[in-house]
Amino acid sequence: MHPILTIAVKAARRAGNIITRASQDVGALKIQSKTYNDFVTEVDRAAEREIIETLRDAYPDHGFIGEESGTSNLESDNIWIIDPLDGTTNFLHGFPQYCISIALQQNGVLTQAVVYDPNRNDLFTATRGRGAYLNDKRIRVTSRPKLQDSIIGTGFPFRDFQHLDTYLAMFKDMIKKTAGLRRPGSAALDLAYVAAGWYDGFWEIGLSKWDIAAGALLVQEAGGIVGDFEGNDSWLETGNIVAGNPKVFSQMLQTLAPHLTDALRSKIAEKIVHTDTAEQTDTEE
Ligand code: 2AM
Ligand code: CA
């Protein structure tokens, strides 16, 4: 294992211990609502502190983007992107689908990824150029050629409902064009499942960097494709993400295309649309 990845795994397992201990008595936790329908607990915070301390011990000059503690030292060429507990709502309800997600971005490129599911003890890891692994076994995306035979993961809009109608139209189309949709509630694990070949693809609107950074590298290193809704690279920035095996990925883009509003197009494409169609009004928003 790459030495940097070894440290990230250590951090993830330590956070896993904190979360698992707390899961025995979620009733005792103090819960705060960050914004409507977005919760944080002392467990999220303690797990993130543990992860950052472990990484900072080894790499004092690295920077951090954490879901709970915000950003620090962003001038560094090495930025860790951390979600200490992805699936907090599940965790709070005792629904055993949540994980720790840690990614390293070096000079703007994702290079290391850990997604750790403490309930199943599933450790998903990837280093750019070296493949993706589940508990030390190499994983690959599926080779299933048809969307019609595929299982696709997704997430529902939960906080910001501006795209809800668009999402439901996408959802309706996907229901008809796939073998089934799944919505367990942790985006980082959803992406890990694409990498492991348990799903053939995944899509969601408006995620945060820490939900997807690690999972996306897992998918890429497992031979899959990650893109925004037009297949371009703005997914980490916009959080509008499609991932899948190469064949299913392009069929998903075709399925989503008729539903795209300007706001859901790639950043670059959006600029072109705006200059070319300056007279047009946006009917969707
Ligand atoms: P989080 O638990 O780390 O915030 C799935 O839709 C993604 O959205 C998850 O990765 C989850 O990450 C985030 N999310 C935040 N609040 C949510 C909620 N109330 N319901 C579903 N997902 C939520
Ligand atoms: Ca998250």
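Above this text is the structure in question.
Residues numbered from 1 in each chain as written. Chains lettered and ligands numbered in written order. Predicted model: local features only at pLDDT ≥ 70, side-chain atom pairs only at ≥ 80, totals over all residues. Heavy atoms only, no water.

## Focus on helix α2 (residues 42–58)
Relative to the 24 Å expected for 17 residues at 1.5 Å per residue, α2 spans 25 Å between its end C-alpha atoms, a close match to the ideal helical length. Residues of α2 that are buried: V43, D44, A47, E48, I51, I52, T54 and L55. All buried residues of α2 project into a common sector of 160° when viewed along the axis, lining one side. For α2, exposure combined with an orientation more than 90 degrees from the buried face picks out R49 and D57. Its side-chain oxygen placed 3.0 Å from the backbone nitrogen of V43, T41 serves as the N-cap of α2. (Helix = DSSP H or I, 4+ residues; strand = E, 2+ residues; numbered from the N terminus. Expected span 1.5 Å × (residues − 1). Buried < 20%, exposed > 50% of the residue type's maximum accessible area, 1.4 Å probe, protein only. Arc of directions from axis to C-beta. Polar contact = N/O pair within 3.5 Å; in protein donor to acceptor, adjacent residues only side chain to side chain.)

## Some points on the pattern of salt bridges
Within this structure, the stated rule accounts for eight salt bridges. A salt bridge links K34 to E68, with the shortest nitrogen-to-oxygen separation between them at 3.2 Å. Of this pair, K34 sits in strand β1 (residues 31–35) while E68 sits in the loop between β3 (63–66) and β4 (70–72); the two residues are 34 residues apart in sequence, bridging distant segments of the chain. A residue is classified by how much of its surface remains accessible, and K34, at 34% relative accessible area, is partly exposed. (Salt bridge = Lys/Arg side-chain N within 4 Å of Asp/Glu carboxyl O.)

## Thoughts on the packing of aromatic side chains
What the rule picks out here adds up to ten aromatic pairs. By way of ring pairs, the aromatic residues F124, Y193, W198 and Y199 are connected into one cluster. (Phe/Tyr/Trp six-rings, centres within 6.5 Å; stacked < 30°, edge-to-face > 60°.)

## A short note on the pairing of strand β6 (residues 99–106)
Of all eight residues in β6, seven are buried; the element is thus mostly enclosed. In the sheet, strand β5 (residues 78–86) pairs with β6 via seven bridges, with the strands oriented antiparallel. By the bridge assignment, I82 is partnered in β6 with I102. One ladder, built from seven bridges, connects β6 with strand β7 (residues 109–117); its direction is antiparallel. (Pairing = 2+ DSSP bridges.)

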